[in-house]
Amino acid sequence: MTSTDDSDGQNLLGHVLLPVAHEEDALATARALEPYDPERVTALHVVEKGEGVPDKTPVEQSEELAAESYAAVRTVFPDADEHTAYARDVVGAIFDAADEVDASAVAYRSRGGNRLMQFLSGDISLKLVTNAPLPVIALPAAADED
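Residues numbered from 1 in each chain as written. Predicted model: local features only at pLDDT ≥ 70, side-chain atom pairs only at ≥ 80, totals over all residues. Heavy atoms only, no water.

### A short note on the overall build of the chain
Within the chain one finds five helices and five strands. In sequence order, the secondary structure elements of the chain are arranged as β-α-β-α-β-α-β-α-α-β. Each of the 146 residues in the chain was classed as buried or not, and the buried ones make up 39%. Of the contacts made within the chain by residues no fewer than 6 positions apart, 78% connect residues no fewer than 24 positions apart. (Helix = DSSP H or I, 4+ residues; strand = E, 2+ residues; numbered from the N terminus. Buried < 20%, exposed > 50% of the residue type's maximum accessible area, 1.4 Å probe, protein only. Contact = heavy atoms within 4.5 Å.)

### Here's the deal with the sheet that holds strand 3 (residues 81-87)
Read from one edge to the other, the open sheet built from five strands follows the order 3-2-1-4-5, with strand pairing classed as parallel. At either end of the open sheet lies a strand with only one pairing partner, and these are strand 3 and strand 5 (136-139). Pairwise comparison of adjacent strand axes, ignoring direction, gives a mean angle of 30° for this sheet. As paired elements, strand 1 (residues 16-19) and strand 2 (residues 41-48) share four bridges and run parallel to each other. Counted as the bridge partner of leucine 17 is threonine 42 from strand 2. The strands that helix 1 (residues 23-33) touches are strand 1, strand 2, strand 4 (105-109) and strand 5; relative to strand 1, the one it contacts most, it runs at about 150°. Packed onto the sheet, helix 2 (residues 59-74) meets strand 1, strand 2 and strand 3 and runs at close to 160° relative to strand 2. (Pairing = 2+ DSSP bridges. Axes fitted to C-alpha atoms, helices over the stretch in contact; angles between N-to-C directions.)

### Quick word on a negative patch on the surface
Together, Asp89, Asp96, Asp99, Glu100 and Asp102 give the surface a local cluster of negative charge. Structurally, glutamate 100 is set in helix 3 (residues 90-100). Under the relative-accessibility criterion, glutamate 100 is labelled exposed at 58%. (Patch = residues over 30% accessible without salt bridge, like charges linked within 9 Å, V, L, I, M, F, W, Y side chains within 5 Å. Areas by Shrake-Rupley, 256 points an atom, 1.4 Å probe, with all protein chains shown as cover. Salt bridge = Lys/Arg side-chain N within 4 Å of Asp/Glu carboxyl O. Lys, Arg positive; Asp, Glu negative; His and termini not counted. Charge placed at Lys NZ, Arg CZ, Asp CG, Glu CD.)

### Some thoughts on helix 2
End to end, helix 2 covers 22 Å across 16 residues, agreeing with the expected 22 Å (1.5 Å per residue, within 8%). Considered for burial, the residues of helix 2 that qualify are Ser62, Ala66, Ser69, Tyr70, Ala72 and Val73. Projected down its long axis, helix 2 carries its buried residues within an arc of 160°, all on one side. (Expected span 1.5 Å × (residues − 1). Arc of directions from axis to C-beta.)

### Observations regarding the environment of threonine 42
Note that threonine 42 resides in strand 2. In this view, threonine 42 contacts His15, Val16, Leu17, Leu18, Asp81, Glu82, His83 and Val101; residues no more than four positions away in its chain are not counted.

### A few points about the confidence of the model for the chain
Scored by pLDDT, the chain has a mean of 83; 76% of the residues are at 70 or more. Residue range residues 1-7 is modelled with pLDDT below 50. Its contacts to residues more than four positions away, or to other chains, number nine contacts. For the stretch residues 116-121, pLDDT sits under 50, and the model shows three contacts to residues farther than four places along the chain or on other chains. (pLDDT = per-residue confidence, 0-100.)

### Description of the side chain of threonine 42
You can call threonine 42 buried: its relative accessible area is 1%. One polar contact links threonine 42 to histidine 15, side chain to side chain, over a distance of 2.6 Å. (Polar contact = N/O pair within 3.5 Å; in protein donor to acceptor, adjacent residues only side chain to side chain.)

### Some thoughts on unusual backbone geometry
Of note in this structure, aspartate 37 is not a glycine but carries a positive phi near 50°. Here aspartate 37 is to be found in the loop between helix 1 and strand 2. A relative accessible area of 62% means that aspartate 37 is categorised as exposed. Phi at aspartate 102 is positive, roughly 60°, even though this residue is not glycine. As for its placement among the helices and strands, aspartate 102 is situated in the loop between helix 3 and strand 4. Given the relative accessible area of 53%, aspartate 102 is considered exposed.

Structural data, given as structure tokens:
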């Protein structure tokens, strides 16, 4: 598949921001993006902060999770950059990071879950595609993830 130019002349796959949650997710997401041959990839891990309440995980543990995720992405894209964001609003952090690294698009792989889990999480996929200030690419799930 070849990439197309968007309205400002920037190659859609010129610089893809790849949000990842953990090592297994990072590897699966990178593999899903690989066939599209992006020119540049920046892996993003968002550490969810509590803003007045305790964090979900200790910062050190979250940073270790991020490092493992980046290493997994680099098994597919050896030159991938990394970007760690700390925020309560995951979707907002993704778009802020895309702006900071000057990404041409965000590529993500839906993490699924039942309707209740999607409701409780605020359905990040829905927010990504409906609030996007730049192109968002939904990557296909692997055949064994049905």
